[in-house]
Amino acid sequence: MSFIPATKLLLRYSATATATYVEPSTALIHCLELAIERQSLKLTQQSHAQIMCWKLHQNPFIVTKLIISYATCQNPGQGKVVFGSVREKNVYLWNTLINGYVRNGEHEYAFQLFSEMCEGIVCPDDFTFSTLCKVSGEVGDIGVGKYVHGKCFRTGIALDVVVANSAMSMYLKCGSFCDSLKVFDEMPVRNLSSWNVVVNGYALSGELETIATVSRLFRLMDMDGVRPNVYTLSSLLPICGKSGYGRVIHSYIVRSEDLSSSSDVHLGCSLVDMYSRCGEVWVARQVFDRMESRNVFAWTAMINGYVSNGHIDEAVILFREMQIRDGIPPNKVSLVSILPACSSLAGLIGGKQIHGYSMRRMLNSATSFANALIDMYFRCGSICYAQRVFENENFLKDSISWSSVISGFGMHGRGRDAMYTFYKMLGYGIRPDMITLIGVLSACSRSGLVKEGIDVYHTAINEYGMKPSLEACACMVDMLGRAGQLKDALDFVQHMSIKPGPSVWGALINACIAYGDSETLELAYGVLIHLEPENPSNYVSLSNVCALSRKWDVVAKVRTMMKVKGLRKTPGLSWIDVNNQTHHFYVADKQHYCSELIYELLDHLSSMMKRVHIDFDLMNFT
């Protein structure tokens, strides 16, 4: 893009003016504003030259504009040169230079300028302290933040509302909610932003689990004469659903006409997400349907709610309606939300369609979307497509990308490929996390690579300092158990550094059943029932094991315990997709409209299988 030189702009501005005389400073200010708008370093330098020619380099207003222009053009160092040439520096000039370095991410220079400012004759004001408090929170340096906050007290403006709010936010971002709350308690005057910081702090600290805490916050806000706004309520909704207070907040939003009308989309998304997290997806759909206007975020929230609650059919239908009914194209988050539905229901064709759509819209370079694609292709059984996505250089691979590939190989029993990928990841200097470790151990377990799995486990614990989790220990027990090393598996369980959980004992139980170790099996079931006394599956499994051993007295005792506790096992569920329609079946289910035909065909197949089995036996006999 070509620009008119500042000299011509200055002359043109003067020529187009009326009979009144136009000051050069006014024309230069317009040139600098144009340079800021277009982020033109060339125009900024031309304006700077004209400022020097007209000897306006000591004009504080013009110099401030010039420093802002250099900062906007990502050249704050040149702005500092301009700043150094000014003989009388006021607080606004200091703030402009500091803010220029902050906007360009050069926080160290910003703090250095702040120290120089404090040592000079110019006293920092509320804008200076607010800016530096914000920067301290962004970099997470509580030491520097306390230094800035201490300077606030020395200058006597620590109790200013804006400065105090910035200090509270800084302490909160640095993980010190107690210090943030202390600043809040010492404030003589509070505004809505002050309360929003406190509410957000309570939400992050996990102390809003009870209705009493939320009610007390609302009462205190009301005593201060402060009404909650959209930010307040959207901070509360994600965590209030657990305590049952989400419905109370919902009713408050409905009663407040200003909230329900002016912020329908934002609060609507928060309500949809809250109800979906609580498992009340039908209520979330009612909120969604009553929203006056819906954008891509509202549709995505509802789609994600259906997927997370297992309503795959509705998620796919809604994804199509979003584009057909409202004409809203999905974004990266929408595509990531719907991909799990493809791996569960729509199959490989649906996943490929979404992949193709993302390529046409240039959305396939996002790391999160590429990771979701890898997982989807592996779950659909298309290993080659998953590898192609992973090997694509258009996205930046993170630890989740590597873990997805490792877990995918393990899912399909390709343990050697999983091990190769794991060591290749280490070769690139990427530190493994617990998800990576579990993926490798699962792959070794399915492929019978016991020695390799043990080596990986010890490498993660000893060389990378990872603390073993219950899931990783369960994978180790499962790996040893599948290989028939039941004694080593039991010894591993008994010498674990953490207390074995249900997943660990469950893995041992599966191994005992496979190799017929009834003694260890009854021991493991006894511990498992003690750990999960309300899980009916444990009682049913123990009853079946005892029945095989003809221990009918134990079977009767277990069944009696289930009746006393009122436990009933949830029936198994399976589904099949035929002609883009999903059919669900429970055990001994006769609710399907084709159930008679299905059972008739099943009986026919059973008869055919029996005849083939008899004929095969006769052939072997003869």
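Not measured: the values here are computed from a predicted model.

With that settled, the discussion passes to the overall build of the chain. Secondary structure assignment for the chain yields 34 helices and two strands. Counting across all 622 residues of the chain, residues that qualify as buried make up 45%. Element-wise, carbon and sulfur atoms account for 55% of the exposed surface of the chain, whose accessible area totals about 33800 Å².

Helix length check: helix α27 (residues 450-463) (14 residues) gives 19 Å between terminal C-alpha atoms against 20 Å at 1.5 Å per residue, within 8%. V450, G453, V456, Y457, T459 and A460 are the residues of α27 that are buried. Here the buried face of α27 lies against α25 (415-427), α26 (434-447), α28 (470-482) and α29 (486-494). Count one or two residues on from α27 and you reach G465, which has phi positive near 65 degrees.

What follows deals with the confidence of the model for the chain. Any residue range with low pLDDT should be treated as having predicted coordinates unsuitable for detailed reading. Averaged over the chain, the pLDDT score is 83; the fraction of residues at 70 or greater is 84%. pLDDT under 50 marks residues 17-21. Its contacts with residues more than four places away, or in other chains, come to one contact.

Moving on to α25. Its 13 residues place the ends of α25 18 Å apart at the C-alpha level, agreeing with the 18 Å of an ideal helix rising 1.5 Å per residue. Taken as a whole, α25 has its buried residues at G415, A418, M419, T421, F422, M425 and L426. The arc that holds the buried residues of α25, viewed along the axis, is 165 degrees, so those residues lie on one side. Across α25 from its buried face, at more than 90 degrees, point the exposed residues R416, Y420 and G427. Buried-residue contacts for α25 involve α24 (399-411), α26 and α27. Downstream of α25 by a residue or two, G429 has a phi angle that is positive, lying close to 80 degrees.

Turning our attention to the environment of D478. Structurally, the position occupied by D478 is in helix α28. Put simply, D478 and L508 are 30 residues apart on the chain and 6.6 Å apart in space, counted from C-alpha to C-alpha. Every residue in contact with D478, bar those within four places of it in the chain, is listed here: S445 and A507. Among the polar contacts listed, one links the side chain of D478 to the side chain of R482, at a separation of 2.8 Å.

So, on to the packing of aromatic side chains. Overall, the coordinates contain 12 aromatic pairs when judged by the stated rule. Summarising the aromatic geometry, the rings of F390 and W402 are spaced 5.0 Å apart at their centres and angled 80 degrees between planes, so their arrangement reads as edge-to-face. On the criterion of sequence distance, the pair formed by F390 in helix α23 (residues 383-391) and W402 in helix α24 is long-range, its members being 12 residues apart. A residue is classified by how much of its surface remains accessible, and F390, at 9% relative accessible area, is buried. Look at W402 and Y428: their rings are 5.7 Å apart centre to centre, the planes differ by 45 degrees, and that puts the pair in the tilted class. Of the two residues, W402 is situated in helix α24 and Y428 in the loop between α25 and α26; the sequence distance between them amounts to 26 residues. By relative accessible area, Y428 is classed as exposed at 59%. Taken together through their ring pairs, the aromatic side chains of F114, F129 and Y147 make up a single cluster. Residue placement shows R190 over the ring face of F184; its charged tip is 4.3 Å from the ring centre. Positioned above the aromatic ring of F390, the side-chain terminus of K397 is 5.5 Å from the ring centre.

What counts, and where the lines are drawn
- Residues numbered from 1 in each chain as written.
- Predicted model: local features only at pLDDT ≥ 70, side-chain atom pairs only at ≥ 80, totals over all residues.
- Heavy atoms only, no water.
- Helix = DSSP H or I, 4+ residues; strand = E, 2+ residues; numbered from the N terminus.
- Buried < 20%, exposed > 50% of the residue type's maximum accessible area, 1.4 Å probe, protein only.
- Areas by Shrake-Rupley, 256 points an atom, 1.4 Å probe, with all protein chains shown as cover.
- Expected span 1.5 Å × (residues − 1).
- Contact = heavy atoms within 4.5 Å.
- pLDDT = per-residue confidence, 0-100.
- Arc of directions from axis to C-beta.
- Polar contact = N/O pair within 3.5 Å; in protein donor to acceptor, adjacent residues only side chain to side chain.
- Phe/Tyr/Trp six-rings, centres within 6.5 Å; stacked < 30°, edge-to-face > 60°.
- Lys NZ or Arg CZ within 6 Å of the ring centre and 35° of its normal.

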